[in-house]
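Structural description and commentary
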There are 2 protein chains.
Amino acid sequence: MVGNTQTEMRQRILDHATRLFAVRGFNGTSVQAVAEAVGIRKPSLLYHFKSKDALRAGVLDQMLNHWKDEIPKVLAAASTGKDRFATGVGAIISFFTADPNRARLVVREMLDSPESVREMLDTHFRPWTSMIADYIRTGQEAGSIREDVDPESWIVQVVTMCIGTIAVGDVTSALVRRRGDGDRPHPSEQMKELVRIARQSLFNTRPKESQDG
Amino acid sequence: MVGNTQTEMRQRILDHATRLFAVRGFNGTSVQAVAEAVGIRKPSLLYHFKSKDALRAGVLDQMLNHWKDEIPKVLAAASTGKDRFATGVGAIISFFTADPNRARLVVREMLDSPESVREMLDTHFRPWTSMIADYIRTGQEAGSIREDVDPESWIVQVVTMCIGTIAVGDVTSALVRRRGDGDRPHPSEQMKELVRIARQSLFNTRPKESQDG
DNA sequence: CCTACCGATCGGTAGG
DNA sequence: CCTACCGATCGGTAGG
């Protein structure tokens, strides 16, 4: 358990591969390019990951493992409906804004390998989605959440909006710059509006019967 | 002006290139693959488009030209605020659902060439975005639209949600399937919820002072 | 972790 | 619109 250089090198390779796959795409990134970024030769990289596809799988596995730990933590931390909303949406936003390349990687993978991502979502995320949807249905029965919300679809739309906005927010911000406003970008304003849209399409407006913990 | 085979062949190439670039990505599609789909040899394709990048530009130009004609038409057709919402969101949804590969192509291009897409949005779409944002501000002053809406950001969020949902809807629908519901996909339910979210985050709930034309 | 090397495929050109 | 061909780069292996 001393200097585990083997594992360290694997992590270094994964970090550079994540970044390059996110920015240039899997097909736009050569094994050679990843090796150069790490500072080793191509055959050395292929010792740690026996093929380019194994490297892709390693990158995705790393992200999957993050959420396998994170989701139960987030759901356990929040008690009331409003808390669950803020904590859940906050966890997604902070994870992907901490490194927008994570969002770009997810979007690229959905486009490049839709079937395998479908399977991954079905296996690892659908149980959680069902649980959150049930929370929403409970809130609908209690009157705190709008009756016309389609729980599963609402979740998918909000996650799509989050990941999409973070993945291509630098591009779409070209539409937001006001006249005479200089070159200042408005990423946080985008996220604020996103949260507002998500919240107001979910909760009932009447502020009575608030279920505080 | 009789049998213009030259232009016809260009269009055939563009159609197959659009589909292949959307599904496999630009870097994942060889000129050879496009030529095979069309039914000609690679050097013949390169007679019509002098390089692979010229082919990419041709594909994007075609889509840009669609919206150059469509946006003014849509804005002219709608008069009241609710009409503008329905017509505008409807135009985007119907264009991209007619061929989801269009949405995939847009997303891929934003990821692969963020700077050039930024420039394109700034030049060709920002004027329209500003105009629509002004409509929203007028609605805010009249009281029909929520005061807490950030007009430009709202537009970007809704367009992101539309294109994102259509581009990867087949994948994210893996999260929506209810237990014991069979394999039936729910694309239209996704779009219905999207429209609901967009509408309810935009308009004020009080149904008085409706501005009919 | 390296040097040396492999067959396959890439975008593109020559020339007709 | 074709056949024939180019140098460059691809993912991956041999062997140490």
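Residues numbered from 1 in each chain as written. Chains lettered and ligands numbered in written order. Predicted model: local features only at pLDDT ≥ 70, side-chain atom pairs only at ≥ 80, totals over all residues. Heavy atoms only, no water.

The local shell around DNA strand C holds 14 residues, among which M9, R41 and S44 of chain A together with K42 and K52 of chain B are the closest. The sugar-phosphate share of atoms of DNA strand C within 4 Å of the protein amounts to 54%. Within the contact set of DNA strand C, a base nitrogen lies 2.9 Å away from a side-chain nitrogen or oxygen of K42 of chain B. The set of elements that each furnish at least two residues to the surface near DNA strand C consists of α3 (42-48) of chain A together with α3 (42-48) of chain B. A breakdown of the residues in the surface near DNA strand C according to their chemical character gives 6 nonpolar, 5 polar and 3 charged. (Near = heavy atom within 4 Å. Polar contact = N/O pair within 3.5 Å; in protein donor to acceptor, adjacent residues only side chain to side chain. Helix = DSSP H or I, 4+ residues; strand = E, 2+ residues; numbered from the N terminus. Nonpolar A, V, L, I, M, F, W, Y, C, P; charged D, E, K, R; others polar.)

Residues and elements named next belong to chain B. At a minimum axis distance of 9 Å, the contact between helix α1 (residues 5-24) and helix α2 (residues 31-38) shows a crossing angle of 125 degrees. The angle between α1 and α2 places the two elements in the oblique class. As α1 packs across α2, the resulting crossing turns out to be right-handed. Across the interface between the two elements, M9, R12, I13, H16, A17, R19, L20 and R24 of α1 pack against A33, V34, A37 and V38 of α2. Partitioned by chemical class, the residues of the contact of α1 with α2 number 8 nonpolar, 1 polar and 3 charged. (Axes fitted to C-alpha atoms, helices over the stretch in contact; angles between N-to-C directions. Parallel < 35°, antiparallel > 145°, perpendicular 65-115°, else oblique. Left-handed = near helix turned anticlockwise from the far one by under 90°. Contact = heavy atoms within 4.5 Å.)

The environment of DNA strand D is formed by 14 residues, the closest being K42 and K52 of chain A together with M9, R41 and S44 of chain B. When atoms of DNA strand D within 4 Å of the protein are sorted by moiety, sugar and phosphate together comprise 53%. Counting only elements with at least two residues in the surface near DNA strand D, the list comes to α3 of chain A together with α3 of chain B. Considered class by class, the residues forming the surface near DNA strand D number 6 nonpolar, 5 polar and 3 charged.

Within chain A, residue pLDDT values average 91, and 91% of them lie at 70 or more. A low-confidence stretch, residues 208-213 of chain A (pLDDT under 50), is modelled with 7 contacts involving residues beyond four sequence positions or located in other chains. (pLDDT = per-residue confidence, 0-100.)

Superposition of the two copies of the chain requires a rotation about an axis together with a shift along that axis. Overlaying chain A on chain B yields an RMSD of 0.0 Å, the required transformation being a rotation through 180 degrees with an accompanying axial translation of 0.0 Å. What the rotation and shift describe, once combined, is the action of a two-fold rotation axis. Most of the interface of chain A is mirrored in chain B, where 100% of its interface residues again form contacts. (Least-squares fit on C-alpha atoms with pLDDT ≥ 70 in both.)

Before going further, it helps to spend a moment on the environment of V31 of chain A. Structurally, V31 of chain A can be placed in helix α2 (residues 31-38). Considered as a pair, V31 of chain A and A17 of chain A are 14 residues apart in the sequence and their alpha carbons are 8.9 Å apart.

Residues and elements named next belong to chain B. A rise of 1.5 Å per residue sets the reference length of helix α5 (residues 81-98), with its 18 residues, at 26 Å; its end C-alpha atoms lie 25 Å apart and thus fit the reference within 8%. F85, V89, A91, I92, I93, F95 and F96 are the residues of α5 that are buried. Summarising the contacts, the buried residues of α5 are in contact with α4 (52-77), α6 (100-112), α9 (151-172) and α10 (187-200). (Expected span 1.5 Å × (residues − 1). Buried < 20%, exposed > 50% of the residue type's maximum accessible area, 1.4 Å probe, protein only.)

This next bit is on the state of the cysteines. One pass over the structure, following the stated rule, counts 0 disulfides over all chains. Looking at the unpaired C162 of chain A, the closest cysteine sulfur is the one in C162 of chain B, lying at 16 Å. (Disulfide = S-S within 2.5 Å.)

Moving on, we come to the pattern of salt bridges. Applying the stated criterion to the full structure yields 20 salt bridges over all chains. Taking the shortest distance from any N to any O, the salt bridge between R104 of chain A and D170 of chain A comes out at 3.6 Å. Placement of R104 of chain A in helix α6 (residues 100-112) and of D170 of chain A in helix α9 (residues 151-172) is noted, with a sequence separation of 66 residues between them. A salt bridge links R126 of chain B to D122 of chain B; the shortest N-O distance between them is 2.5 Å. For R126 of chain B, a relative accessible area of 18% gives the class buried. For D122 of chain B, a relative accessible area of 25% translates into the label partly exposed. Linked by salt bridges that have partners in common, R146 and D148 of chain A together with E193 and R196 of chain B make up one network. (Salt bridge = Lys/Arg side-chain N within 4 Å of Asp/Glu carboxyl O.)

Moving on: the interface of chain A and chain B. In this assembly, 53 residues from chain A lie in contact with 53 residues from chain B. Taking both sides of the interface into account, the surface hidden between chain A and chain B amounts to around 5,200 Å²; carbon and sulfur atoms contribute 55%. A per-residue breakdown of the area chain A buries against chain B is headed by L111, Q157 and L175 of chain A, which together make up 14% of the total. Connecting chain A to chain B are 4 salt bridges. Between D148 of chain B and R196 of chain A there is a salt bridge, with the nearest N and O atoms lying 3.6 Å from each other. The tally of links from chain A across to chain B stands at 26 residue pairs in polar contact (both at pLDDT 80 or more). Of all the secondary structure elements, the ones that give two or more residues to the side of chain A that touches chain B are α1 (5-24), α6, α7 (114-124), α8 (126-142), α9 and α10 (187-200) of chain A. Broken down by element, the side of chain A that touches chain B gets its largest block of residues, 14 residues, from α9 of chain A. Looking at side-chain class alone, the side of chain A that touches chain B contains 20 nonpolar, 13 polar and 20 charged residues. (Buried area = accessible area lost by both parts, 1.4 Å probe.)

Next up on the list: the side chain of E193 of chain A. With respect to the helices, strands and loops of the structure, E193 of chain A is situated in helix α10. With relative accessibility at 3%, the residue E193 of chain A sits in the buried group. Side chain to side chain, E193 of chain A and R196 of chain A meet in a polar contact 2.7 Å long. Contact partners of E193 of chain A, with chain neighbours within four places excluded, come to D148, V149, D150, S153, W154 and Q157 of chain B.

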